[in-house]
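Inside the fold
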Amino acid sequence: MKSKVDFSATVENEMVLSLPSLSVNEGMARAAVSAFCAQLNPTAVEIADIKCAVSEAVTNCIVHAYRGEIGEIVIGVKLCEGRLIQIEIKDKGCGIPDVKKAREPLYTTDAENERSGMGFTVMENFCDDLRVRSRVGKGTTVTLLKRLHK
């Protein structure tokens, strides 16, 4: 099991990006976050991990949060001391009634569209820490932390 990462690290640089929840914007989100993180000179593997985790989180917003409607996805990235990257992906969609259940591998609310239910598991495996806060009818915030090697 991975050790938890300190969320209180000093922020050295940050960006915020807002996109409509259109599937074509998943690639834009992934590219923008990875381009911003590039200033820390991550390895190719670290960039691939970040891209994959961001893709999963943004796809969850597109597929589950707004369920066929267009809403806003807000992505905040903080580059912190000690080569720590904190990425927040927020939506104001339907929210998750049971976050613990939603984080179980293979759990999905969209089986008819062949969703695997592995989004949170993928995010956990490509990041050092994952936090999910959600309120039904208010939205969800997924926070990803990734510490880059020195």
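Throughout what follows, the structure given in this document is the object of discussion. (Residues numbered from 1 in each chain as written. Predicted model: local features only at pLDDT ≥ 70, side-chain atom pairs only at ≥ 80, totals over all residues. Heavy atoms only, no water.)

A closer look at a nonpolar patch on the surface
Residues Leu22, Val24 and Ile70 make up a contiguous nonpolar surface patch of roughly 290 Å² in combined accessible area. Looking at the secondary structure, you find Val24 in the loop between strand E1 (11-20) and helix H1 (25-37). Assessed through its relative accessible area of 65%, Val24 is described here as exposed. (Patch = residues over 30% accessible without salt bridge, like charges linked within 9 Å, V, L, I, M, F, W, Y side chains within 5 Å. Areas by Shrake-Rupley, 256 points an atom, 1.4 Å probe, with all protein chains shown as cover. Salt bridge = Lys/Arg side-chain N within 4 Å of Asp/Glu carboxyl O. Helix = DSSP H or I, 4+ residues; strand = E, 2+ residues; numbered from the N terminus. Buried < 20%, exposed > 50% of the residue type's maximum accessible area, 1.4 Å probe, protein only.)

Re the sheet that holds strand E4 (residues 129-135)
Pairing is antiparallel across the open sheet formed by 5 strands, whose spatial order is E1-E2-E3-E5-E4. Every other strand in the sheet has two partners, leaving E1 and E4 as the edge strands with one partner each. Taking the axes of each pair of neighbouring strands and ignoring which way they run, one obtains an average angle of 10 degrees across the sheet. The strands touched by H1 are E1, strand E2 (72-80) and strand E3 (84-91); relative to E1, the strand with the most contacts, the crossing angle is about 170 degrees. (Pairing = 2+ DSSP bridges. Axes fitted to C-alpha atoms, helices over the stretch in contact; angles between N-to-C directions. Contact = heavy atoms within 4.5 Å.)

Some points on the packing of H1 against helix H2 (residues 44-65)
In the contact formed by H1 and H2, the axes pass within 9 Å of each other and the chain directions differ by 145 degrees. Where H1 crosses over H2, the handedness of that crossing is right-handed. Residue-level contacts link Glu26, Ala29, Arg30, Val33, Ser34 and Cys37 of H1 to Ile47, Ile50, Lys51, Val54, Ser55, Val58, Thr59 and Ile62 of H2. Residue classes in the contact of H1 with H2 are distributed as 8 nonpolar, 3 polar and 3 charged. (Left-handed = near helix turned anticlockwise from the far one by under 90°. Nonpolar A, V, L, I, M, F, W, Y, C, P; charged D, E, K, R; others polar.)

Description of the pattern of salt bridges
In total, this model carries 3 salt bridges according to the counting rule given. Here Lys146 and Asp49 are joined by a salt bridge, their closest N and O atoms 2.9 Å apart. Residue Lys146 is located in strand E5 (residues 139-147), and its partner Asp49 is located in helix H2; the two are separated by 97 residues in the primary sequence. Residue Lys146 shares its accessibility class with Asp49, and that shared class is buried. The closest approach of N and O atoms between Glu88 and Lys90, which form a salt bridge, is 3.6 Å.

What to know about the packing of H2 against helix H4 (residues 119-126)
Relative orientation of the contacting elements H2 and H4 amounts to 155 degrees, with a least axis distance of 9 Å. Accordingly, the angle class assigned to the pair H2 and H4 is roughly antiparallel. Taken as a pair, H2 and H4 cross one another with a handedness that is left-handed. Residues Asp49, Cys52, Ala53, Glu56, Ala57 and Asn60 of H2 pack against Gly119, Phe120, Val122, Met123 and Phe126 of H4. (Parallel < 35°, antiparallel > 145°, perpendicular 65-115°, else oblique.)

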